[in-house]
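Listed below, chain by chain, are the residues.
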Amino acid sequence: LVESICEGETFTVGTSDYTTSGTYTDVLTAINGCDSTVTLTLTVLPTFTTNLVENICEGDTYTVGTSDYNTSGTYTDVLTAINGCDSTVNLTLTVLPTYTTDLVESICEGDTYTVGTSDYTTSGTYTDVLTSSNGCDSTVTLTLTVLPIFTTDLVESICEGETFTVGTSDYTTSGTYTDVLIANNGCDSTVTLTLTVLPTFTTDLVESICEGETFTVGTADYTTSGTYTDVLTAINGCDSTVTLT
């Protein structure tokens, strides 16, 4: 006899049990009462044990033979090896978490919001699937609002000696100026000012009247000798100072 058994099994000839590879001879008694000599060549085939320590991401499946696993735990499957014997697989499985992040963000017009390798410049809802430090998916849902920036053009006039203020800037001379302020929404508010400084006027009058007459400056009437100052409004809207002797 040439026979094979798997490790842990027994091959029996008459009253003899064999569990290891080798050649064995047994003399039995045949049905006619005579000797029946049996020569056994026995091969003990190995069984296999495999220990697996594996990680999967939440929502994935790990398969051993015909068994599918998707929760953390320790599992044992007995498969059939190529030699026909048992192949025992011990699986220690860890299911790693995936992450979901909801972002509600605002940027100013002209700015960019970045998620991973994605750059966003317009309002909308966007989804990016990144890889977290554990190697699993990290899903980021971004709700983005792009806030407006404001541009204001001012054409203004002031009188000589006055000041026009934009934000923290004070202007006293004619010219074009640009100031970048912060609007209520936190974004830039650009103000371009074209400023004209109008002149004020000073007039010195030396006049004579006869007793009983009146000299008038604007709405002021003078009948006695002296030096008087009146501040009138010129045609350009600025002061016109008249000093009358």
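Refer to the structure presented above.
Residues numbered from 1 in each chain as written. Predicted model: local features only at pLDDT ≥ 70, side-chain atom pairs only at ≥ 80, totals over all residues. Heavy atoms only, no water.

Draft legend 1. Main features of the nonpolar core. If you look at the biggest cluster of nonpolar residues, it comprises 9 residues: Ile5, Phe11, Val13, Tyr18, Tyr24, Val38, Leu40, Leu42 and Val44. Those elements giving two or more residues to this core turn out to be β2 (11-13) and β5 (35-45). Per element, the largest residue contribution to this core is 4 residues, and it comes from β5. Beyond its immediate sequence surroundings of up to four residues, Leu40 is in contact with Leu1, Glu3, Phe11, Val13, Tyr18, Gly22, Thr23 and Tyr24. (Core = buried A, V, L, I, M, F, W, Y, C linked by side-chain atoms within 4.5 Å. Buried < 20%, exposed > 50% of the residue type's maximum accessible area, 1.4 Å probe, protein only. Helix = DSSP H or I, 4+ residues; strand = E, 2+ residues; numbered from the N terminus. Contact = heavy atoms within 4.5 Å.)

Draft legend 2. Spotlight on the packing of aromatic side chains. The tally for this structure, following the rule as stated, stands at 5 aromatic pairs. For the pair Tyr69 and Tyr75, a centre-to-centre distance of 4.1 Å together with 20° between the ring planes defines the contact as stacked. Both rings, one in Tyr120 and one in Tyr126, keep their centres 4.1 Å apart while their planes meet at 20°; by these two values the pair is stacked. With respect to burial, Tyr120 and Tyr126 carry one shared label: buried. (Phe/Tyr/Trp six-rings, centres within 6.5 Å; stacked < 30°, edge-to-face > 60°.)

Draft legend 3. Looking closely at the state of the cysteines. One pass over the full model with this rule turns up 4 disulfides. Note on cysteine connectivity: Cys57 is disulfide-linked to Cys136, with sulfurs 2.1 Å apart. Residues Cys57 and Cys136 are joined by a disulfide whose S-S torsion is about -90°; by sign, that bridge is left-handed. Residue Cys57 is located in strand β6 (residues 48-57), and its partner Cys136 is located in the loop between β14 (124-131) and β15 (137-147); the two are separated by 79 residues in the primary sequence. When its relative accessible area of 1% is taken as the criterion, Cys136 is described as buried. Covalently, Cys108 is tied to Cys187 through a disulfide, its sulfur atoms 2.0 Å apart. Residues Cys108 and Cys187 are joined by a disulfide whose S-S torsion is about -95°; by sign, that bridge is left-handed. With a gap of 79 residues between them, Cys108 in strand β11 (residues 99-108) and Cys187 in the loop between β19 (175-182) and β20 (188-198) connect regions that are remote in the sequence. The exposure class of Cys108 is buried, given its relative accessible area of 17%. (Disulfide = S-S within 2.5 Å.)

Draft legend 4. Quick look at the sheet that holds β20. With respect to topology, 3 strands assemble into an open sheet ordered β16-β20-β19, the strand pairing being mixed. Each having just a single partner strand, β16 (150-159) and β19 make up the two edges of the open sheet. Neighbour to neighbour, the strand axes of the sheet diverge by 25° on average, direction disregarded. Bridge count for β16 against β20 is 10 bridges, and the pairing is parallel. In the strand pairing of β20, Thr151 is matched with Thr190. (Pairing = 2+ DSSP bridges. Axes fitted to C-alpha atoms, helices over the stretch in contact; angles between N-to-C directions.)

Draft legend 5. A look at the pairing of strand β10 (residues 86-96). Where β6 lies against β10, 10 bridges are found, and the strand directions are parallel. Looking across to β10, one finds that Glu54 is bridged to Leu93. Bridge count for strand β9 (residues 73-80) against β10 is 8 bridges, and the pairing is antiparallel. Bridge pairing in β10 links Leu79 to Ser87. Remark: 5 residues form the turn of the hairpin made by β9 and β10, two consecutive strands paired antiparallel; Gly84 in that turn has positive phi of roughly 90°.

Draft legend 6. Broad picture of the side chain of Asp230. With respect to the helices, strands and loops of the structure, Asp230 is situated in strand β24 (residues 228-233). Residue class for Asp230 comes out buried when judged on its relative accessible area of 12%. At a separation of 2.6 Å, a polar atom in the side chain of Asp230 contacts the side chain of Tyr222. Ignoring any residue separated from it by four or fewer positions in sequence, one finds Asp230 in contact with Val217, Ala220, Tyr222, Ser240, Thr241 and Val242. (Polar contact = N/O pair within 3.5 Å; in protein donor to acceptor, adjacent residues only side chain to side chain.)

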